[in-house]
Amino acid sequence: PLGGRMVQVVQGQGRRVQLGEDTIAVPGREDRVPVRLAAHLKELARDRLAGACDDYAAALGRPYSKLTLRDTRSRWGSCTSDGGLMFSWRLILTPPEVAHLAQMNHSPAFWAEVERIYGPYKDARGWLRQNGSDLHRYRFS
């Protein structure tokens with residue numbers, strides 16, 4: 001999965017990973033494909049999450065202090081009291097979706113903030129609840 005849709009990993013040409021309509025072409029030796037694919041997905045995740053964090057932090061009127069990516073199993077993301085954001089890089093596998101800078105909890109006020117800056121979120125949240133655990137079955141080693 002990539003961005004919530006299934007793509008097929010295929011042998012690529014040249015030096016760069018190429019994303020097609022329904023494929024992701026990874027060049028190099030077959031035994032190195034998983035490592036190269038994981039590195040590309042992490043880079044893509046960092047780029048997209050940094051852009052989203054910049055946009056949403058601006059919409060909230062609150063800066064964040066740093067952005068960290070990890071491969072967590074119990075949390076998709078978290079926010080520290082000093083504005084440090086941590087996300088699972090596997091979010092790149094999900095459909096596209098930083099209200100914790102304003103609300104350090106999951107109260108109704110938090111979800112109201114999410115709706116204000118993101119818009120309707122319930123379908124995306126439902127997708128993650130239904131499919132999220134399956135994203136950890138993909139191994140890149």
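Analysis parameters
Residue positions are counted from 1 within each chain, in the order its sequence is given. Where local features are concerned, this predicted model is filtered to residues with pLDDT of at least 70; where side-chain atom pairs are given and counted, the filter is 80 or more; whole-chain, interface and lining totals use all residues. Side-chain numbers come from the whole structure's heavy atoms, not from hydrogens or water. Between any two strands, at least two bridges found by DSSP are needed for them to pair. Secondary structure follows DSSP: runs of H or I at least 4 residues long count as helices, runs of E at least 2 residues long count as strands, and numbering of each begins at the N terminus. Contacts are assigned to residue pairs that have any heavy atoms within 4.5 Å of one another. Whenever a helix is involved, its axis is fitted only over the stretch in contact; in every case the axis is a line through C-alpha atoms, and angles between N-to-C directions fall within 0 to 180 degrees. In protein, a polar contact requires one atom able to donate a hydrogen and another able to accept it; more generally it is a pair of N or O atoms within 3.5 Å, and residues adjacent in sequence count only if both atoms are side-chain atoms. When describing relative orientation, an angle under 35 degrees is termed roughly parallel and one over 145 degrees roughly antiparallel, while 65 to 115 degrees is termed roughly perpendicular and anything else oblique. Take the far helix as the reference: if the near one is turned anticlockwise from it by less than a right angle, the crossing is left-handed, and if turned clockwise, right-handed.

Undergrad: Can you help me understand the sheet that holds strand β3 (residues 23–26) in this one?
TA: Working definition: the strands of a sheet are paired by backbone hydrogen bonds and lie parallel or antiparallel to each other. The sheet built from 3 strands is open, its strands ordered β1-β3-β2 with mixed pairing. The open sheet has two edge strands, β1 (8–11) and β2 (18–19), and neither has a second partner. Note that β2 and β3 share 2 bridges and pair antiparallel. Each residue of the ladder has a partner; that of Leu19, found in β3, is Ile24. The sheet strands contacting helix α1 (residues 33–60) are β1 and β3, and the helix crosses β3 at an angle near 120°.

Undergrad: Can you walk me through the side chain of Thr94 in this structure?
TA: By secondary structure assignment, the location of Thr94 is in the loop between β6 (84–88) and α2 (108–118). A polar side-chain atom of Thr94 sits 2.7 Å from the main-chain carbonyl oxygen of Leu91. Residue contacts for Thr94: discarding those within four places in its chain leaves Gly3, Gly4, Trp127, Leu128 and Leu135.

Undergrad: Would you mind showing me how to read the packing of α1 against α2 here?
TA: Relative orientation and spacing of two packed helices are given, respectively, by the angle between their axes and the distance between those axes. For the pair α1 and α2, interaxial distance at closest approach is 10 Å and the crossing angle is 110°. Looking at the two axes, α1 sits roughly perpendicular to α2. The hand of the α1/α2 crossing is right-handed. Mapping the contact onto sequence places Tyr56, Ala59 and Leu60 in α1 and Glu113, Arg116, Ile117 and Tyr118 in α2.

Undergrad: Any chance you could explain the sheet that holds β6 here in plain terms?
TA: What the 3 strands build is an open sheet, ordered β4-β6-β5; its pairing is mixed. Both edges of this open sheet fall to β4 (66–70) and β5 (77–79), since each of them pairs with a single strand only. The mean angle between the axes of side-by-side strands here comes to 15°, regardless of whether they run parallel or antiparallel.

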